[in-house]
Amino acid sequence: MAVEKMSIAKALNESLRLALDTDPKVLIMGEDVGKLGGVFRITDGLQKDFGEDRVIDTPLAESGIVGTAIGLALRGYRPVVEIQFDGFVFPAYDQIVTQLAKMHARALGKIKLPVVVRIPYGGGIGAVEHHSESPEALFAHVAGLKVVSPSNASDAYWMMQQAVQSDDPIIFFEPKRRYWDKAEVDTESIPGPLHNAVTVREGSDLTLVAYGPMVKVCLEAAAAAQEEGKSVEVLDLRSMSPIDFDAIQSSVEKTGRLVVVHEAPVFYGSGAEIAARITERSFYHLEAPVLRVGGYHVPYPPARLEDEYLPGLDRVLDAVDRSLAY
Amino acid sequence: MTVESTAAARKPRRASKRTSAAKKPQSSEPQLVQLLTPEGERVEHPDYSIDLSADELRGLYRDMVLTRRFDAEATALQRQGELGLWASLLGQEAAQIGSGRALRDDDYVFPTYREHGVAWCRGVDPTNLLGMFRGVNHGGWDPTANNFHLYTIVIGSQTLHATGYAMGVAKDGADSAVIAYFGDGASSQGDVAESFTFSAVYNAPVVFFCQNNQWAISEPTERQTRVPLYQRAQGFGFPGVRVDGNDVLACLAVTRSALERARRGEGPTLVEAFTYRMGAHTTSDDPTKYRADDERAAWEAKDPILRLRTYLEKEKLADEAFFTELETESETLGKRVREVVRAMPDPEPLSLFEHGYADGNSLVDEERAQFAAYQASFADSAEEGK
């Protein structure tokens, strides 16, 4: 059957299974990805079916994981590596930024780096320090990398397929608190391009732009706003680098108002980039300044405070009201 | 003065006291594998024998002379403002040519930014090495054409790439090997330690070739380690060997042996080529600020080129005509390098936007279009002015 209801976790697992099955050059690498199947079980059962040579448990060394993946890619492999949690990507940040991102350009295009770096990211699961961060802007700022994040099972399935097939390095942020959210996945439909934004709810009064874990919050906010007679459009960005500005622009030129929502700190975040560029593109269509809702410029708070830090329904609706009040 | 005693002389006083109290002189004064003494005498080593024809010996000499000539030309070009920077290999010719000539065509090399001699052995046109130092590119050669990866500037990063590549070689069931070059300074980097870990646990066919040239810019080896570098390998579970890095025959023999071990599926080896960087780290620093005057003089007595020449002459393996011809060839090379570099054009402005991404990128497309329009606006106004 082509259509099946599954969680994001299951969709990623199925997608990785398909990738391993389709292309013998695809490898899975990371800490605990083999026997354990990953701490979130995204790679569950893959080592059993594809062997230790394809699904590789690695030493606990993130720079080593990404650095050796680069070498394997140079040898013709297509490694998909897992960084166990967002806050632990930084030991690998040097390899990602100085090597993975730049080697294709350094070689004047003569070599390709088809490496996918999977990072479960974001808060909302009550974790300890370093297990809940949203560092996507740090990667989106680096030329040579592409940065994406699915918000639902169908996108998780297809975007992973597209990421594995891409000849560019892809930083694949997985919204860990949505891992168990279920949706229908059509494993036979032909998906749109990896970097296209998708309108997930039509509206006429205001546009909400979000990605990953915040799409669900924005859809709930749009539904709540509807009850108050406000028509809110929701765009799922899906890709933070590049950004589908055309899609945002056309939505904003319809609604006249834009609010960008993400978990990451607002300061220097994706919202800043979107606000600036949409202001340039659609200045005369805007009825209100572009507003941003996101995390604060503070170290990620302890779990008992993260509800204050993370944008929730009320904070999004407050921004919607503020925008509409102009 | 021997290489060992030079190392011991620079050891911190406290360390040498403790070493002598523990009576473990072998750890502070390790044996170097040597097949050709600084005086040009052939000596034998029980584990590393080598038997080269006169032709092969002359070939190694030629490689070293031409590499040194190329290096000298590049240094001069930097002084003349033709290059923004140069990292000279002066003094390290034997380490590079010896190891480089141990490689098979299907082996893969991951260099740092000073491996001009290895590049020479791989057949990379030396003028291609100068693009990045002139500032026209970040690596002007196709790495896959000669199995010689681009120069890596971040210290030690490439050891992980080499390890991953070697893991791929093993997966492919190929019997080629991989070699990663790095320096004594890089041995302090986490990536080098991680590459040792990964290569050991996956039994990757990789040779780590550390050119210990005694200085990491102004930091001496004592600032990197308290044990001889080759001994690091033991803790990771693979062999390490220290070779006289100014002895091209020993470098060739030891590297060949390590590569063969990798090919046999026996995993990594660390080779520490004990050598000396006679010049500056790069043309940007001034070694007179951090090195004693007599240090270079002591190492000049161990010059890798001189000792092979002494041997060739003494054993009558090369005649005067050979040396004269090589002199002419060196001058021709220098002239060609000079001409090519001076004629090296700046890249086209729009090339700024090429090669960032393999699959394209809408943001780059947008910025390219804006830049092109901006550039064209000057052309338009020039037209209007006519």
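The rules we used
- Residues numbered from 1 in each chain as written.
- Chains lettered and ligands numbered in written order.
- Predicted model: local features only at pLDDT ≥ 70, side-chain atom pairs only at ≥ 80, totals over all residues.
- Heavy atoms only, no water.
- Helix = DSSP H or I, 4+ residues; strand = E, 2+ residues; numbered from the N terminus.
- Rg over C-alpha atoms; globule rule 2.2 N^0.38 Å.
- Buried < 20%, exposed > 50% of the residue type's maximum accessible area, 1.4 Å probe, protein only.
- Contact = heavy atoms within 4.5 Å.
- Areas by Shrake-Rupley, 256 points an atom, 1.4 Å probe, with all protein chains shown as cover.
- Lys, Arg positive; Asp, Glu negative; His and termini not counted.
- Charge placed at Lys NZ, Arg CZ, Asp CG, Glu CD.
- Buried area = accessible area lost by both parts, 1.4 Å probe.
- Salt bridge = Lys/Arg side-chain N within 4 Å of Asp/Glu carboxyl O.
- Polar contact = N/O pair within 3.5 Å; in protein donor to acceptor, adjacent residues only side chain to side chain.
- Nonpolar A, V, L, I, M, F, W, Y, C, P; charged D, E, K, R; others polar.
- Core = buried A, V, L, I, M, F, W, Y, C linked by side-chain atoms within 4.5 Å.
- pLDDT = per-residue confidence, 0-100.
- Pairing = 2+ DSSP bridges.
- Axes fitted to C-alpha atoms, helices over the stretch in contact; angles between N-to-C directions.
- Phe/Tyr/Trp six-rings, centres within 6.5 Å; stacked < 30°, edge-to-face > 60°.
- Expected span 1.5 Å × (residues − 1).
- Parallel < 35°, antiparallel > 145°, perpendicular 65-115°, else oblique.

Enquirer: Would you mind showing me how to read the overall build of chain B here?
Expert: Summing up its helical and strand segments, chain B has 16 helices and seven strands in all. For chain B, the C-alpha radius of gyration of 23 Å lies close to 21 Å, the compact-globule estimate for 386 residues. In terms of overall dimensions, chain B has a C-alpha envelope of 85 × 50 × 45 Å along the principal axes. With 386 residues in all, chain B has 54% of them scored as buried. Contacts spanning at least 24 positions in sequence make up 75% of the contacts within chain B whose residues lie at least 6 apart. Surface summary for chain B: the accessible area is close to 16,700 Å², and the carbon and sulfur share equals 50%.

Enquirer: What's the story with the overall build of chain A in this structure? I'm lost.
Expert: Regarding its fold elements, chain A presents twelve helices and 14 strands. The principal-axis extent of the C-alpha atoms belonging to chain A is close to 60 × 45 × 40 Å. When the 326 residues of chain A are sorted by exposure, 62% land in the buried category. A fraction of 81% describes how many contacts in chain A between residues 6 or more apart in sequence connect residues 24 or more apart. Of the roughly 12,400 Å² of accessible surface on chain A, 52% is carried by carbon and sulfur atoms. Across chain A, 32 positive and 46 negative side-chain charges occur, with their mean positions spaced 4 Å apart.

Enquirer: Explanation requested: the interface of chain B and chain A in the structure shown.
Expert: A common way to report how large an interface is uses the accessible area buried once the components associate. On the side of chain A, 47 residues touch chain B, which itself brings 42 residues to the contact. When chain B packs against chain A, close to 3,500 Å² is buried across both sides, 57% of that on carbon and sulfur atoms. Contact with chain A buries area across many residues of chain B, yet Lys171, His355 and Tyr357 of chain B alone supply 18% of it, more than any other trio. Here chain B and chain A share six salt bridges between them. Across the chain B-chain A interface, the total number found is 21 residue pairs in polar contact (both at pLDDT 80 or more). Breaking the side of chain B that touches chain A down by element, the ones donating at least two residues are helix H8 (143–146), helix H9 (157–172), helix H10 (190–201) and helix H16 (362–385) of chain B. The element contributing the most residues to the side of chain B that touches chain A is H9 of chain B, with eleven residues. Residues that form the side of chain B that touches chain A fall into these classes: 16 nonpolar, 18 polar and eight charged.

Enquirer: Is there a simple way to explain unusual backbone geometry in this structure?
Expert: Most peptide bonds are trans, and most residues other than glycine sit at a negative phi. In this structure, the amide linkage connecting Ser241 of chain A to the following residue, Pro242 of chain A, adopts the cis form with an omega of -5 degrees. As for its placement among the helices and strands, Pro242 of chain A is situated in the loop between strand S12 (239–241) and helix H9 (245–255). Even without a glycine there, the phi angle at Lys316 of chain B is positive, about 55 degrees. What makes Lys316 of chain B exposed here is its relative accessible area of 72%.

Enquirer: Just to check I follow, could you spell out the nonpolar core for this structure?
Expert: It is characteristic of soluble globular proteins that their nonpolar side chains tend to be buried jointly. Within the largest apolar cluster, 145 residues are counted, with the highest numbers of intra-cluster contacts made by Ile96, Ile248 and Ile274 of chain A. Sort the elements by how many residues they give to this core and helix H12 (residues 248–263) of chain B lands first, with ten residues. Those residues within four positions of Ile96 of chain A in sequence are excluded, and the remaining contacts are Val66, Val89, Ala101, Val117, Phe139, Leu145 and Ile171 of chain A. Ranked by size, the runner-up nonpolar core spans 33 residues in total, among them Ile28, Phe50, Met160 and Tyr179 of chain A.

Enquirer: So what exactly am I meant to see when it comes to the confidence of the model for chain B here?
Expert: In regions of low pLDDT, the predicted coordinates are not meant to be interpreted in detail. All names here are of chain B. Of all residues in chain B, 91% have pLDDT values of 70 or greater, and the mean over the chain is 92. This model gives residues 1–28 a pLDDT under 50, and the stretch forms 31 contacts once residues within four places in sequence are excluded. The ipTM value of the predicted complex is 0.96, and its pTM value is 0.94.

Enquirer: Sorry if this is basic, but what is going on with the sheet that holds strand S10 (residues 206–210) of chain A here?
Expert: Within a beta sheet, neighbouring strands are joined by backbone hydrogen bonds and run either parallel or antiparallel to one another. Residues and elements named next belong to chain A. Across the sheet, which stays open at both edges, the five strands sit in the order S9-S11-S10-S13-S14 with mixed pairing between neighbours. The open sheet has two edge strands, strand S9 (198–201) and strand S14 (291–295), and neither has a second partner. In this sheet, adjacent strand axes meet at a mean angle of 25 degrees when their direction is disregarded. Here five bridges tie S10 to strand S11 (residues 232–236), and the two strands are oriented parallel to one another. Within S11, the residue paired with Leu206 across the bridge is Val232.

Enquirer: Is there a simple way to explain the pattern of salt bridges in this structure?
Expert: Oppositely charged side chains can pair when the atoms bearing their charge come close. Evaluation of the coordinates by the stated rule reveals 49 salt bridges over all chains. Measuring nitrogen to oxygen at the nearest pair gives 3.7 Å for the salt bridge that ties Asp167 of chain A to Lys112 of chain A. Linking Asp167 of chain A in the loop between helix H7 (153–165) and strand S7 (170–175) with Lys112 of chain A in the loop between helix H5 (103–106) and strand S5 (116–121), this pair joins segments that are 55 residues apart in sequence. Residue Arg264 of chain B is joined to Glu266 of chain B by a salt bridge in which the shortest nitrogen-to-oxygen separation is 2.9 Å. Each of the salt bridges in this network shares a partner with another, and the network as a whole consists of Asp246, Glu273, Arg277 and Arg281 of chain A together with Glu366 and Glu367 of chain B.

Enquirer: Would you mind going over the packing of aromatic side chains with me for this structure?
Expert: Geometrically, a pair of aromatic rings is defined through the distance of the ring centres and the angle of the planes. Residue and element names in this part refer to chain B. For the structure shown, the criterion picks out 38 aromatic pairs over all chains. When the centroid spacing of 5.3 Å and the interplanar angle of 50 degrees are considered together, the rings of Trp215 and Tyr290 count as tilted. Taken together, the residues Trp215 in strand S4 (residues 215–216) and Tyr290 in the loop between strand S7 (269–274) and helix H13 (293–300) connect sequence positions 75 residues apart. Here the aromatic rings of Phe236 and Phe238 are separated by 6.5 Å at their centres, their planes lie at 35 degrees, and the arrangement is tilted.

Enquirer: Got a minute to help me understand helix H3 (residues 62–74) of chain A in this structure?
Expert: Because each turn of an α-helix spans 3.6 residues, side chains separated by three or four positions in sequence point in the same direction. All names here are of chain A. Here H3 spans 19 Å end to end across 13 residues, near enough to the 18 Å set by a 1.5 Å rise per residue. For H3, the tally of buried residues reaches 13 of 13 residues, placing the bulk of the element in the interior. Once H3 ends, the next one or two residues include Gly76, with phi positive near 110 degrees.

Enquirer: Would you take a moment to explain the packing of H3 of chain A against H10 of chain B for this structure?
Expert: Between two packed helices, both the angle of their axes relative to each other and the distance between the axes serve to describe the pair. One can describe the packing of H3 of chain A onto H10 of chain B by two numbers: an axis separation of 9 Å at closest approach and a directional angle of 70 degrees. Viewed along their axes, H3 of chain A and H10 of chain B adopt a mutual orientation that is roughly perpendicular. Facing H3 of chain A, whose interface residues are Glu62, Ser63, Gly64, Ile65 and Thr68 of chain A, H10 of chain B presents Asp191, Glu194 and Phe198 of chain B. A class-by-class count of the residues in the contact of H3 of chain A with H10 of chain B yields two nonpolar, three polar and three charged.

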